[in-house]
Amino acid sequence: MIQVKEFVDTDNSYAEHKANEFLAGLNETQVVNVCYGSVIKTTPSGKETQRSTILIVYRTKAKRET
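Residues numbered from 1 in each chain as written. Predicted model: local features only at pLDDT ≥ 70, side-chain atom pairs only at ≥ 80, totals over all residues. Heavy atoms only, no water.

Overview of the environment of Lys18
Its place among the elements puts Lys18 in helix α1 (residues 12-24). Remark: the alpha-carbon pair of Lys18 and Phe7, spanning 11 residues in sequence, is separated by 7.2 Å. (Helix = DSSP H or I, 4+ residues; strand = E, 2+ residues; numbered from the N terminus.)

The following block contains the structure:
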């Protein structure tokens, strides 16, 4: 089965660290795609904040039928 795991944070190094921890637990053949996006938002007060998102698309190990 194909699944997705999303890592979102205002600190891109934190999202990267968590995504790498997750990937370390997968077999390379399970990884379908890794996507990264970043956006800067401005608050009504004029302060800018960055939000980073990493999306990992992966295959779960198939359960065997008995």
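From this point, the discussion proceeds with the structure in view.
A short note on the confidence of the model for the chain
Mean pLDDT over the chain works out to 89, with 91% of the residues at or above the 70 mark. Looking over the chain, one finds the lowest element-wise mean pLDDT in α1, namely 91, and the highest in strand β1 (residues 2-9), namely 94. (pLDDT = per-residue confidence, 0-100.)

Here we look at the environment of Leu55
You can see Leu55 is positioned in strand β3 (residues 48-59). Along the chain, Leu55 and Ile2 lie 53 residues apart, while their C-alpha atoms are 13 Å from each other. Discounting chain neighbours no more than four positions away, the residues touching Leu55 are Val4, Lys5, Glu6, Asn33, Val34 and Cys35. (Contact = heavy atoms within 4.5 Å.)

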